[in-house]
Amino acid sequence: MVASRAVGSLSRFTRSRMLRCPGYICRNFTKSSALLTRTHINYGVKGDVAVIRINSPNSKVNTLGQELHSEFIEVMNEVWSSNQIRSAVLISSKPGCFIAGADLNMLTACTTPQEVTQISQEAQKMFEKVEKSTKPIVAAINGSCLGGGLELAISCQYRIATKDKKTVLGSPEVLLGILPGAGGTQRLPKMVGVPAAFDMMLTGRGIRADRAKKMGLVDQLVEPLGPGIKPPEERTIEYLEEVAITFAKGLADKKISPKRDKGLVEKLTSYAMSIPFVRQQIYKKVEEKVRKQTKGLYPAPLKIIDVVKTGIEQGSDAGYLSESQKFGELAMTKESKALMGLYRGQTLCKKNKFGAPQKEVKQLAILGAGLMGAGIAQVSVDKGLQTVLKDATLAALGRGQQQVFKGLNDKVKKKALTSFERDAFFSNLTGQLDYQGFEKADMVIEAVFEDLSLKHKVLKEVEAVIPDHCVFASNTSALPINEIAAISKRPEKVIGMHYFSPVDKMQLLEIITTPKTSKDTTASAVEVGLKQGKVIIVVKDGPGFYTTRCLAPMMSEVIRILQEGVGPKKLDSLTTSFGFPVGAATLVDEVGVDVANHVAENLGKAFGERFAGGSLEVLKQMISKGFLGRKSGKGFYIYQEGVKNKNLNSDIHSILAGLKMPSQPDVSSDEDIQYRLVTRFVNEAVLCLQEGVLATPTEGDIGAVFGLGFPPCLGGPFRFVDLYGAQKTVDRLRKYEAAYGRQFTPCQLLMDHASSPNKKFYQ
Amino acid sequence: MGVSRTSAIWAVIWPSLRGDPEIIWSFIPFTLSVKPMDQDLRMTSLLTYTFKNLPSTSQWALRFSMRPLSCSSQLRVAAAVQTKSKQTLAKPNIRNIVVVDGVRTPFLLSGTSYKDLMPHDLARAALSGLLHRTSVPKDVVDYIILGTVIQEVKTSNVAREAALGAGFSDKTPAHTVTMACISSNQAMTTAVSLIASGQCDVVVAGGVELMSDVPIRHSRKMRKMMLDLSKAKTLGQRLSLISKFRLNFLSPELPAVAEFSTNETMGHSADRLAAAFAISRLEQDEYALRSHSLARKAQDEGLLSDVVPFKVPGKDTVTQDNGIRPSSLEQMAKLKPAFIKPYGTVTAANSSFLTDGASAVLILAEEKALAMGYKPKAYLRDFMYVSQDPKDQLLLGPTYATPKVLEKAGLTMNDIDAFEFHEAFSGQILANLKAMDSDWFAQNYMGRKAKVGSPPLEKFNIWGGSLSLGHPFGATGCRLVMAAANRLQKEGGQYGLVAACAAGGQGHAMIVEAYPK
C-alpha cells in the first residue's frame, strides 16, 4: 500500500513534466483534463475515435494491476457514454511493450484462493464488456503482449501488431504455475482453434507477429519504420496509431469486417472440433502428453486443459467460473510460488549490480575452440562482439568454427535469423592459431583443457601480449581461480566465468571472484555475460565454487545408490519423476565420466568425508574400459547416432556387481532414494550460503535450477527449504545421517532455520 | 560432345550467375499472382489500362502540381539572384572533363515495342545514335563503358557486344559495370577517372536495361542435375541421376525482386520510408502527377532533345517515350496500394514503372574535345558515392550524397540552377526532400551540424523524371546528366546537381557545370 502510494506520488511528478513539454501531447488530446487525474491511462479523441494510451509511470513495462484496471474501467465508461466517440484504439506509449501481463505483486499479496478468484472475476467482467462493446475497439500492439495483455487484446474487436522482433504475443502463465485468468482460456480456443490454443497456453511460448497473423491471433501487421522525422521507435508507435485509427473508423463504418477469412485447414479443423468424439480424443491426447512431460509435478497445465474443456463442453458461464476458481487455487500452490520465485530471481540475475565497467568490452578473445570455447564464441558473435577464437591446431580450430557456423545456421533454418544476418554475425569471428591482435583484446576467456599447469601456461602466454586493462577469465568447472591466478602478474584482472554446456542452450553463467579480483573486473565479466544473454550468479572462489560443489555430493550419492543395486534406468526414472529434467545416471554420461571423476577427486580432497559416499572405483573402472559417457558412445547407456531410445550398457552390470554395497532397507525406499539425493544437494547449497560463497539465496536457486537442472517446480534448494520446511529437511538428513554418517549432517544455517520456524530464506 | 560443350559454356557463365543482381520490380505485386512467363506483359497491360482510363487533364493538373512549390518561392527567387560562390569548379593541375553530347533511345514501358529485342540491341541503338549525333570518328574512341542491372546471361559484357554491333572499332575495349540504379552513373564516373588519370582521352559511357525479358533460371536442384548429367559418363550414371528428378525441380527461379540483404522489396521499403517521414498518399499522388505533367509539357515543347528515334526491326520507328500519362488525382486515388496492403501509400501510379531503354554520352578531356572541334555541353565535376543502411534508409542516397558533393565542390544549395534527381517513387523523392530539410535528421543520422536544405521545386526535375519518363535501371544516370546539361544550356544556369538512390542502400551525386557559351 505504502509502495503504491509512493509510486503514485512519483508518477505525479512525471506527469507534470510531461505537461511542460511543448506541443505534441496537448495538441492531440482534446480532453487533457483526463491527463490530470490518471496515472496509467490517458486518452484523447481524434475525430470520432478515442485513442486510449497506456503508460504506467516509472516502469519500462505496463502491467495489469489494480490501479490500471480501475482507470481502464473509468476510461472505457467515458468512451461508451460519449456520443462523439464511435470507436476506440487501445495502444501503449511504451516502446517495446503493450502490456507485459498481470502485476505479480498483486497476486502474491493475496493470502486466500478467494481473493485471487475475485481478481480474476473482476478482470473477466471487464474484458467481457470490452468484447461485447458496440463501439469497435482496436488493440494496437507494439512490443510484448503477454498474459493479461493478450487476454485484453483478444477481447477487443480487432488487433493490429507491429512486425517487430520485440512484438511477442503469448500466454506464459503456465510457466508461473497459474493459468490465463481473465477469460483467456475461453477466448483463445475460439480465436485460434483448440489445438493452437492448447499449444500456446500449455507451453507458454511467445508468438511473433507474423506467425500470429497467420494463426489469426492478429488481423493486420504494421511494419516497423526506420528513421524519418522522428526516432524510429517513436514514429513507429505513431504510425501504428494512425493505421489503427483508420481501421477503427472502418470498423465503425462497417467498411471493414472484423471477421477473418479462414483457410481450408482452419475450416477443416474447426469442423473436426465440432464433433464431440474428436474433441474428447484431443483432450485425452493432450492430457496424456502433459502427464508424460510433467510427471504430474505441475498442476497448472492439467487445470488449463480442464478449464478449456469446461468452457467448450458446458458453455462459457461454466468456463469463466471454472477459470476463476482454478486460477485462485493455482495461485496458492507451492509450485506457483516456486515458479514465480524463479521468475523474479531470473529478472534479478539479469541485472549488473556491479555497475557499468570502466571500459566496455568490444574485443573478445577465446582460447580453446572446443565445445565450450566455440559455444562461448557463438553466443558472443551474434551479440556483435568482435571475437577471436584461438586454438593450437587447424583441425581443432576448424571444428570450433564449424560449431559456431552450425549454431547460427540452425537459427536460419528456424527462421530466427536471415542468412544475411548469419553471415554478418559470422564475420565477427576470427579464427587463428597465434596471438595476433591480442594487444587489442578487452577480455580473454580461456576454455582450454581442465589442467592447472596448462591453464598456467596459457595465462603466462596471454599476459605477455594483452594490454593492461584486459580481463583474463577462466572457464573452469572446478579448478579454484586463486590457484590459476597465483602466477598472474595482475591477479585483480583474473576472474572465473563458468559456462554450462551446451553454451547456446544453457542460460546460466557462474562468475567466480577471488579476494583479489577487482570490482571493475567483475563488472566487466557480468556485462559481457549479460550481453551474451546469460542469467548470472556471482559467487566466491573455492573448490567447486557453488554449482559444481552442490552437484558433487549428489553425484557421490548417485554412485552409492547404483552400487547398492539400483539400476541406472530405475535411478533415472526416480530422479526425473522428482522433477529433474535429466536422470541422474544420464547426467553422469552427459557430463562425462572422466570429468565427473576428476571433479570428485578434487573436491573429495578439499572437503573430505562430507563428499564421500559411492566409490570412485566405479568411475575409474568405467574410464579404464573407455566408457566416458555420451562423448565416447558408451557410459551407463549406449549412444548411437540416430537411435532415439538408448539402451543400457550391459558391461556396467559387471562393474557395479564387483563393487556392490549392501543396501540399507530403511533408507532405500523410492522416496528415500530421491530425498537422499536432494537433501545432500540442498544441505551443501545452504552451507555455501552459510560460508559466504553465495551472496543471496536467490542466486543459489537460480544457479541450481538453470545450471544443474534442480527441479523448477521446487524453485531451487532454498525455496525448497522454505516450502518443504527446514525442520522436515533436517529430520530427513538426520535419518540418513544415522545410516550413513557425516555426509548427511545438516549444516548450521539449516539447523538455525529449523529451530526458528519464522526464519525463511524468502521473507 | 554437345553436352560437354554446353557444360563448358555453363562454367564460363557460372560466376556471373552466382550473385543475383538485385532489381526492383516496382510492380511485382501485380505480377506475383500471374504466371511468371507472362508477367511483364500482364503488368504492363494493367498499367496501360490504368492510365488509358484516366482522363488527361494536363492543363489543370499542371497548375495543381505547381501548388506545392508556392510556399517559399519568393525566398528562393531572392536567393537565385545572388552571385555564385565560385566562378568555376576547374581545379589547377587536373584535366577538365567535358560531355560533348548524349543521347538515349525513347524509354518505353516494358513489354511494348522493344519486347522482342535483346539488351545489346537496345544498347546498340543508343551507341549508334551517339555516333550519329556527335559524328565522333569510331577509331578515336579509347574505351566504352556501359551500366546494366539485370544481366542477360548470353551477353554478360553487354558493352562489348553492343559496341561491336554498333560499328565501333574492334580495337576499342569495353566493359560493363553494375551498381543497381546508378550503374550508368558509375559508367560515367569511371570514364571521368580514366580521363582524369590520363589513361584515356575519349570515352563513351552509357547504360541499358531491358525489362521486357529477364533471365529466369532453372531451380538450383535442376541446374545441379543438369550439370551433373553433363559430367556423367555411363548410361547407368545418367539414369540414376535422372531417377532423382522431382517435379518441383521445374519450378523456375525469378531474378531477385527483393533486396538480398534484407529480403524486402524496394516498393515495400519506399512505403515504410514515406510513413517514417509522414508523407501522405495525396502528397505522393500530387508529386507523381507533377512529374507526368511536367514531362508531357517538356515532350510537347520538344525539350527532350536527348531522345533519338529508333527503328525497331519489324516494327515502326519509335520516336518518343511512352510512359508519360498525366492523369487526375481522383483516378489515382482509386488505385490500391501495391506493396503494403491494404493501408500502404505507394501505388502503381506514384511509382516508377518497369522500363526498357538505353543511353550513351560522349565524354572527353576538354583539350581533346576542343582540338576535335567540338562545342561541349557541360563539364563533369565533383562526384560522390555514399551508402547507408539497406533496410531503413535504402532510398535516402540523395540526402546523404547532396551535402557531401556540395561541400566537396565548395558550393551551396543556392548555387545550383538545375536539380535532376532520380525519382524511384514519389514517396522516396518527398522523403529525401524532407530529410534534407531536417536539422534533426542531419544531426542524428548524418553526423552533420545542420541540414543542407531541400532544393527549390521550381528548379527540380522540371522536365519530368523517372516517374513519368521511365526508369531503365542501367540507363537512367546518363539521362539525368543530359537533362541537367540541356537544362543549363537552355535556361542559362551554371551548375546542375544530379543525384540518385540505388538498391543496396547506395547513392550518388554529381555536379554538372555548364560549358560557357
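Conventions adopted
Residues numbered from 1 in each chain as written. Chains lettered and ligands numbered in written order. Predicted model: local features only at pLDDT ≥ 70, side-chain atom pairs only at ≥ 80, totals over all residues. Heavy atoms only, no water. Salt bridge = Lys/Arg side-chain N within 4 Å of Asp/Glu carboxyl O. Buried < 20%, exposed > 50% of the residue type's maximum accessible area, 1.4 Å probe, protein only. Contact = heavy atoms within 4.5 Å. Polar contact = N/O pair within 3.5 Å; in protein donor to acceptor, adjacent residues only side chain to side chain. Helix = DSSP H or I, 4+ residues; strand = E, 2+ residues; numbered from the N terminus. UniProt positions renumbered as here; feature names shortened; annotations may be inferred. Axes fitted to C-alpha atoms, helices over the stretch in contact; angles between N-to-C directions. Left-handed = near helix turned anticlockwise from the far one by under 90°. Nonpolar A, V, L, I, M, F, W, Y, C, P; charged D, E, K, R; others polar. Pairing = 2+ DSSP bridges. 1 Å grid on protein atoms, 1.4 Å probe; cavity = no way out; pocket = protein on both sides within 12 Å on 5 of 7 lines; lining within 4 Å. Points joined across faces, edges and corners; volume = space filled by probe spheres on them. Core = buried A, V, L, I, M, F, W, Y, C linked by side-chain atoms within 4.5 Å. Patch = residues over 30% accessible without salt bridge, like charges linked within 9 Å, V, L, I, M, F, W, Y side chains within 5 Å. Areas by Shrake-Rupley, 256 points an atom, 1.4 Å probe, with all protein chains shown as cover. Phe/Tyr/Trp six-rings, centres within 6.5 Å; stacked < 30°, edge-to-face > 60°. Lys NZ or Arg CZ within 6 Å of the ring centre and 35° of its normal.

A. Broad picture of the pattern of salt bridges. All names here are of chain A. For the coordinates displayed, the defined rule picks out 71 salt bridges over all chains. A salt bridge links Lys505 to Asp504; its shortest N-O distance comes to 3.7 Å. Taking the relative accessible area as the measure of exposure, Lys505 reaches 59% and is therefore exposed. Residue classification places Asp504 among the partly exposed positions, given a relative accessible area of 35%. A single network of salt bridges, built from pairs that share partners, joins Glu557, Arg560, Glu564, Arg676 and Arg680.

B. Inspection of the interface of chain A and chain B at higher detail. Every contact between the two is made by 19 residues of chain A and, on the other side, 17 residues of chain B. Counting the contacts that link chain A with chain B gives 0 salt bridges. The interface formed by chain A and chain B holds 4 residue pairs in polar contact (both at pLDDT 80 or more) in total. Mapped onto the side of chain A that touches chain B, the elements with two or more residues apiece are β10 (220-222) and α11 (232-252) of chain A. Ranked by residue count, the leading element in the side of chain A that touches chain B is α11(A), at 5 residues.

C. Representation of the UniProt feature "domain: Thiolase N-terminal" (unreviewed entry) in chain B in the model. Feature annotation in UniProt assigns "domain: Thiolase N-terminal" (unreviewed entry) to the following positions: residues 97-366 of chain B. Regarding residues 97-366 of chain B, the helix share stands at 36% and the strand share at 16%, and the terminal C-alpha atoms are separated by 5 Å.

D. Examining the UniProt feature "domain: 3-hydroxyacyl-CoA dehydrogenase C-terminal" (unreviewed entry) in chain A more closely. The UniProt entry lists residues 544-639 of chain A under the feature "domain: 3-hydroxyacyl-CoA dehydrogenase C-terminal" (unreviewed entry), expressed in the numbering used here. Between the end C-alpha atoms of residues 544-639 of chain A the distance is 29 Å, and the span holds 61% helix and 2% strand.

E. Just the packing of helix α23 (residues 547-563) of chain A against helix α25 (residues 584-591) of chain A, in detail. Residues and elements named next belong to chain A. As a packed pair, α23 and α25 sit with axes 10 Å apart at the nearest point and diverge in direction by 120 degrees. Viewed along their axes, α23 and α25 form a crossing whose handedness is left-handed. Contact residues: α23 offers Leu551, Met555 and Val558, while α25 offers Ala584, Leu587 and Val588. Among the residues forming the contact of α23 with α25, the class breakdown is 6 nonpolar, no polar and no charged.

F. Inspection of the UniProt feature "domain: Thiolase C-terminal" (unreviewed entry) in chain B at higher detail. On the UniProt side, "domain: Thiolase C-terminal" (unreviewed entry) is annotated at positions that read residues 374-513 of chain B here. Span residues 374-513 of chain B is 36% helix and 23% strand, its end C-alpha atoms 17 Å apart.

G. View of the sheet that holds strand β6 (residues 144-146) of chain A. Residues and elements named next belong to chain A. If you trace the 4 strands from one edge of the open sheet to the other, you get β4-β6-β8-β9, paired in mixed fashion. Taken across any chain shown, the strands that pair with only one partner, and hence form the sheet edges, are β4 (97-99) and β9 (207-208). With 2 bridges joining them, strand β8 (residues 168-170) and β9 adopt antiparallel strand pairing. Following the sheet pairing, Val168 is matched in β9 by Arg208. In this fold helix α7 (residues 148-155) packs onto β4, β6 and β8, with an angle of close to 90 degrees to the strand it touches most, β6.

H. Fine view of empty space enclosed by the protein. All names here are of chain B. Under the definition given, this model contains 5 cavities of 30 Å³ or more. Considering only enclosed or pocket space, the largest cavity measures out at about 80 Å³ in volume. Lining the largest cavity are Arg104, Leu303, Leu304, Asp306, Trp463, Gly464, Leu469, Arg479, Ala483 and Asn486. Considering every element that reaches the lining of the largest cavity, the biggest residue donor is helix α19 (residues 476-491), with 3 residues. For the lining of the largest cavity, the class distribution of residues is 5 nonpolar, 2 polar and 3 charged.

I. Structural view of the nonpolar core. Core analysis: the biggest nonpolar cluster contains 118 residues, and Val89(A), Ile160(A), Phe277(B), Ile363(B), Ile511(B) and Val512(B) have the highest contact counts within it. The element contributing the most residues to this core is α11(A), with 9 residues. Each residue touching Ile363(B), except ones within four places of it in the same chain, is listed here: Ile97(B), Val98(B), Val99(B), Met188(B), Ala191(B), Ile195(B), Asp201(B), Val202(B), Val203(B), Ala205(B) and Leu380(B). In terms of nonpolar packing, the next biggest core, distinct from the first, is built from 100 residues, Leu367(A), Cys470(A), Val535(A) and Leu574(A) among them.

J. Examining the sheet that holds strand β11 (residues 363-367) of chain A more closely. Residues and elements named next belong to chain A. The 8 strands lie next to each other as β13-β12-β11-β14-β15-β16-β17-β18, forming an open sheet whose pairing is mixed. Edge strands, defined here as strands with exactly one partner in the open sheet, are β13 (429-432) and β18 (535-540). Sheet twist, expressed as the mean angle between neighbouring strand axes with direction ignored, is 25 degrees. Across the sheet, helix α22 (residues 519-531) touches β14 (443-446), β15 (471-474), β16 (494-499), β17 (508-513) and β18, and the angle it forms with β16 is around 25 degrees.

K. A nonpolar patch on the surface, seen in detail. Side chains of Tyr271(A), Ile275(A) and Phe277(A) sit close together on the surface and give an oily, nonpolar patch of about 350 Å² of accessible area. Tracing the chain through its elements places Tyr271(A) in helix α12 (residues 264-273).

L. The arrangement of the packing of aromatic side chains in detail. As enumerated under the stated definition, the model contains 26 aromatic pairs over all chains in all. Measuring from ring centre to ring centre gives 5.0 Å for Tyr435(A) and Phe438(A), while their planes differ by 90 degrees; the resulting arrangement is edge-to-face. For Tyr435(A), a relative accessible area of 18% translates into the label buried. The structure contains a cluster of three or more aromatic residues connected by ring pairs, namely Phe277(B), Tyr400(B), Trp440(B), Phe441(B) and Tyr445(B). The ring of Phe744(A) carries Arg680(A) above its face, with NZ or CZ at 5.5 Å from the centroid.

M. The arrangement of the UniProt feature "site: Important for long-chain enoyl-CoA hydratase activity" (unreviewed entry) in chain A in detail. Residues and elements named next belong to chain A. Using the residue numbers shown here, the UniProt feature "site: Important for long-chain enoyl-CoA hydratase activity" (unreviewed entry) corresponds to Glu151 and Glu173. Taken together, the annotated residues stretch across 23 residues yet fold into one region, lying no more than 11.3 Å apart by C-alpha. Checked against the element boundaries, Glu151 lands in helix α7. Those residues in contact with Glu151 that lie beyond four places of it in its chain are Phe127, Glu173, Pro180, Gly181, Ala182, Gly183, Gly184 and Arg187. Structurally, Glu173 is set in the loop between β8 and α8 (184-192). What makes Glu173 buried here is its relative accessible area of 7%. For Glu173, the residues in contact, after removing those within four places along its chain, are Gly147, Gly148, Glu151, Ile178, Leu179 and Pro180.

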